[in-house]
Structures are given as structure tokens and as C-alpha cells.
Amino acid sequence: MNNSFKRSLLILYGTSFLLLIVTAIASYTSIKNLLKSQQLVDHTNLVINNLESIMSVLKDAETGQRGFLLSGEDEFLEPYNGALRKAYGLIDETKKLTAENSIQQKTAEDLRNIVKVRMSILQTLINNKRKGIEPTLQQMETGKSYMDQARQLAQTMENRERDVLAFRTKNLNKFASSTPTLIIVASLLSFLVALISFLRVTSDLEKRNKLQNELVKKDEEITKRLNLIQEIAEKISAGDYKIKVNDESKDVLGSLAGSLNKMAESLDYSFTNLSHNEWLQKGIANLNDKMLGEKDLNLLTYNITEFIAGYIEAPVAAFYLTGDNGSLTLSAGVALDETKIKKQINKGEGLAGQSALSGKEILLDETGDTDLFISFAAGSIKPRAVIAVPIFYEEKLKGVMELASLKGFDSITKEFLRS
């Protein structure tokens, strides 16, 4: 690919990207203004609806009062009851919606005062009716006068809002009509740039065919190596960290293969340690749970022995406690053949006695000096490995635990027993 071709592509794609950026900014601005105008229109409609609701509440109150005056029945006052509170609530909401318009604020306050007086007159006539005093023509005319004033103030505020609504609707229509046009123009320009780019690239394809043919073989080789690396990566992601990539090339893919091998080794080491630590912490936490509560010594040692033997998969286990004379007495056991095991031993005697005497754990990989046997229905066999672990409390020997296994004790198991 020559410099002229590169320069042409840079110009064409640069122009295309510029058009996309300009289109995106313009579309965002236009849509944002469209949404803002829609919100303003909705806001104005809400104010108008509130004003109409105020007058509706006053009419309902007046209707209820008139029905009561004619009939003297309290059930006609249902529309009147709570009308003042509803009207005040609607006026307060209207004031909040027109907080930026000082003229509307003043008119809303005047409307509030008129509503207060009008409702006071209605209440006075109701009270007089209860006393048997009929309303006078002057009282009725006064009430009508205040109602007309309230209606006029509400209409004035509504007219102002309708003027604002007309202006905002005009803006809304302007943005609604200009946004599609802007998007269509920008799309046409982007299409034109894409078409020019396509023609320019097509005209240079023949010049690249020769180079492409030379790269086919190399591409096949790289694809094969990439597929191999991909398969290895998928196996690593599935949890197989032992797998290796046999690619010793000095190029980028060779380096990638080496990095993949190092990553697999690192993951294997990290997850192994994490698994071991989780196993240790879980075992210690569960052991603590087994030791909670007040238990007699035999039950406590049995719970400890049973849990540890099960957790490390030791078929046979024994727990010896240190007596006052320094000897070790069997306190608890799991799957013990009591006919072949001593229930009391001295320090230095047997594996448990040696552990008590030295204060250290003792491991026998080739078992010989042990009384522990693993029993089966057909008989019993000696375990492959036996370990004795001394138990201290406040630096004093309290006992020894002896465990037998058919598969031996690895380092993580011994670390758990030390913990």
C-alpha cells in the first residue's frame, strides 16, 4: 500500500469520522432541546390543569353549599367538605410550578385570598342555615362577586400560561421538524463519503493482490498457530492449568505462547494455594464449631477426633489424654480395634508416646511400630502411613492424636494438623 493510498484513506475516513462526530453532537443537541421543549409544554399544561381544577373545586363546593341551603340535609355538603384544603393544595402546587414567574406568583396569592374569602362566605351561610337564618340577596350577590373574581384571576393566569404554551409549542415543532432533516442530511453525507471510500479502495485492490497472494501461506501458518493457542487458552479458562504450548518461535506468537505458559503456571500455583488455604480455613472453622459449648472431656475429644479423621480422610484415629502421672490414656477413637490397641501408654512408648516425649509430630510412611489397624468386613490391614501429633495448651502437653491413612499424609494435611 503506497503513501498516496494511505493519504487518500486518511482524508476520506477522517472526513467520515468528522461528519459522524458533528452528526452525533448535532443530533444530541437537537434531541435534547426537543425533550426540553416537550417537558416545558408538559409543565405548562400541568399549570393550566391545576387552575381548571381549582375552579372545579370551588364550583363543587358552591354546588354542595347550595344543595344544603335548599334542603337542609348534610349529605349535600359532601362536595363542600375538604374543598378549601384541596383548593389550597392546588394553589400551592401552582405556585411551585410558576416559581420563576413573579407575576404569576402574585396572581396566585391573590387567588388564594379570594378563595379564602369565598369559602368563608359559604361557611357563614351554612352556619346561618343551621341556625334557621335564611341567606339574603346581598350575601348571595357578594358570594357571586368573589366567585367571579376567582374565575377572572384563574382565567388571567391560564391565558398567560396559554401564551407561554403557544411559544413553547412553536419551539417544540421547530425542533421536531429540524431533527429528522439534520439526521437525514448527515446520513446522506456519511453515505457519500463511504461510497467514495469504497470506490477508492476498489481501484487499489489489484495492486494489493500480488502482496495478498504472498501473504496467504503466512496467514495459514499464523491461523494454525492462533487456533492452537486459542484451544490452549480455552482449556486454561476451563481450569486445566497443566497444559503447555509447544511453540518456540521467536516471533510475536512465540512470545504469546511463552506468556500463556507462564500464565498457566502462575494460575496453577495461585489456585492451588487458594484451594489449600480455603481447605485449611474451612477445616479450622468447622473444628471450632465442633468444640463450641460445654461438653464433658470424653465427648469433646470424640467430636474432635471424629471431625479431623473425617476431614483428612483418615479411616482410623485415636485421641490420648495426658494423665497426672505423665502417662497417656485413650480418651476417644474412630474405628479402633480395641483388641489390638493399648488404652494406656507411657511417654516414649509407641508412636504416640514418642510424640508426647519429643513434643513434635512423628510420621511413619512405612508403618511398623503402631497398634492402629484399618478394619474391613474381611479382616484388617495396617495403614500405609501413621502420624502422631502432640496437643498443647498454654505450652503444656495435653494429649496426642494418632491417625492412620491408606494413602499417606501430604504437606497440606500436616499443615492442617499443626494448625
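Just so we're clear, the structure is a prediction, and the values are computed from it rather than from any experiment.

Analysis parameters
- The numbering scheme is per chain: residues are counted from 1 as the chain's sequence reads.
- Owing to the predicted nature of the model, reporting of local features is limited to residues with pLDDT of at least 70; listing and counting of side-chain atom pairs is limited to 80 or more, with chain, interface and lining totals taken over all residues.
- Excluded from the side-chain calculations are hydrogens and water; all other atoms, namely the structure's heavy atoms, are used.
- A run of DSSP states H or I qualifies as a helix once it reaches four residues; a run of E qualifies as a strand once it reaches two. Both are numbered from the N-terminal end.
- Any residue under 20% of the maximum accessible area for its type is buried, any over 50% is exposed, and the rest in between are partly exposed; the area is computed with a 1.4 Å probe on protein chains only.
- Contacts are assigned to residue pairs that have any heavy atoms within 4.5 Å of one another.
- Method for areas: the Shrake-Rupley scheme with a 1.4 Å probe, in which residue coverage is limited to the protein chains shown.
- Only one rule defines a salt bridge in this text: a Lys or Arg side-chain nitrogen within 4 Å of an Asp or Glu carboxyl oxygen.
- Nonpolar cores are built from buried Ala, Val, Leu, Ile, Met, Phe, Trp, Tyr and Cys residues. Side-chain atoms within 4.5 Å join them into one set.
- Think of a 1 Å grid over the protein atoms and nothing else: a 1.4 Å probe that fits but is trapped marks a cavity, an open set flanked by protein within 12 Å on at least five of seven lines marks a pocket, and residues with an atom within 4 Å of a point count as lining.
- Grid points are joined across faces, edges and corners, and a volume is the space filled by probe spheres set on the points.
- For this classification, Asp, Glu, Lys and Arg are treated as charged, while Ala, Val, Leu, Ile, Met, Phe, Trp, Tyr, Cys and Pro are nonpolar and the rest, including Gly, are polar.
- In this analysis, axes come from line fits to C-alpha atoms, helices being fitted only over the stretch in contact, and the angle between any two N-to-C directions falls in the range 0 to 180 degrees.
- Working rule for angles: under 35 degrees goes down as roughly parallel, over 145 as roughly antiparallel, 65 to 115 as roughly perpendicular, anything else as oblique.
- On a scale of 0 to 100, pLDDT captures the predictor's confidence in every residue.

**Some words on the overall build of the chain**
Inference 1: The number of helices and strands found in the chain is nine helices and eight strands.
Inference 2: The burial tally for the chain puts 34% of its 419 residues in the buried class.
Inference 3: In the chain, 62% of the contacts between residues at least 6 apart in sequence involve partners at least 24 apart.
Inference 4: By element, 56% of the accessible surface of the chain is carried by carbon and sulfur atoms, the whole surface being about 26100 Å².

**Section: the pattern of salt bridges**
One side chain can pair with another of opposite charge once the charged atoms of both are near each other.
Inference 1: Under the definition given, this model contains eight salt bridges.
Inference 2: As a salt-bridge pair, Arg151 and Asp148 come within 3.0 Å of each other at their nearest N and O atoms. Of this pair, Arg151 and Asp148 both sit in helix α4 (residues 137-203), separated by three residues, roughly a single helical turn.
Inference 3: According to the relative accessible area criterion, Asp148 is partly exposed, its value standing at 33%.
Inference 4: Residues joined in a network through salt bridges with shared partners are Glu52, Glu158 and Arg162.

**Points about helix α8 (residues 350-358)**
Inference 1: The set of residues buried in α8 consists of Leu351, Ala352, Gly353, Ser355 and Ala356.
Inference 2: Contact partners of the buried residues in α8: β1 (316-322), β2 (328-334), β3 (344-345), β4 (362-364), β7 (385-393) and β8 (396-405).
Inference 3: Just downstream of α8 lies Gly359, where phi reads positive at about 75 degrees.

**Points about the nonpolar core**
One broad rule of soluble globular proteins: the nonpolar side chains tend to lie buried together.
Inference 1: With 30 residues, the main nonpolar core has Leu58, Tyr80, Leu111, Val115 and Met119 as its most contacted residues.
Inference 2: With 23 residues, the next largest nonpolar core counts Ile304, Ile308, Tyr311 and Val334 among its residues.

**Digging into unusual backbone geometry**
Inference 1: For Glu313, which is not glycine, the phi torsion reads 60 degrees and is therefore positive.
Inference 2: Backbone geometry places Glu394, a non-glycine residue, at a positive phi of 55 degrees.
Inference 3: As for its placement among the helices and strands, Glu394 is situated in the loop between β7 and β8.
Inference 4: According to the relative accessible area criterion, Glu394 is exposed, its value standing at 62%.

**Observations concerning the layout of surface pockets**
One simple way to see leftover space: roll a probe sized like a water molecule over the atoms.
Inference 1: The space that makes up the largest pocket amounts to roughly 720 Å³.
Inference 2: In terms of lining residues, the largest pocket is bounded by 25 residues, among which Met291, Ile304, Phe319, Ile391 and Phe392 are the most central.
Inference 3: Listing elements by their share of the lining of the largest pocket, those giving two or more residues are α6 (252-291), α7 (297-311), β1, β7, β8 and α9 (411-418).
Inference 4: Along the lines of polarity and charge, the residues of the lining of the largest pocket split into 18 nonpolar, four polar and three charged.
Inference 5: Estimates place the volume of the second largest pocket at around 190 Å³.
Inference 6: Lining the second largest pocket we find Leu40, His43, Leu97, Thr98, Ala99, Glu100, Asn101, Glu161, Val164 and Arg168.
Inference 7: If you list the elements that add at least two residues to the lining of the second largest pocket, you get α1 (3-71) and α4.
Inference 8: With three residues, α4 is the largest single contributor of residues to the lining of the second largest pocket.
Inference 9: Among the residues making up the lining of the second largest pocket, the classes are represented as four nonpolar, three polar and three charged.

**Let's talk about the packing of helix α2 (residues 83-97) against helix α3 (residues 102-130)**
Any two packed helices are characterised by how steeply their axes cross, that is the angle between the axes, and by the distance between the axes.
Inference 1: Interaxial distance between α2 and α3 falls to 10 Å at its minimum, and their mutual angle equals 175 degrees. It follows from the interaxial angle that α2 and α3 lie roughly antiparallel. Listed contacts from α3 to Ala83, Leu84, Ala87, Tyr88, Ile91, Asp92 and Lys95 of α2 are Gln105, Ala108, Glu109, Leu111, Arg112, Val115, Lys116 and Met119.
Inference 2: For the contact of α2 with α3, the residue count by class is nine nonpolar, one polar and five charged.

**Quick look at the confidence of the model for the chain**
Inference 1: On average, residues of the chain score 78 in pLDDT, and 87% of them are at 70 or above.
Inference 2: Taken together, the stretch residues 375-379 has pLDDT below 50 and engages in five contacts with residues farther than four places along the chain or on a different chain.

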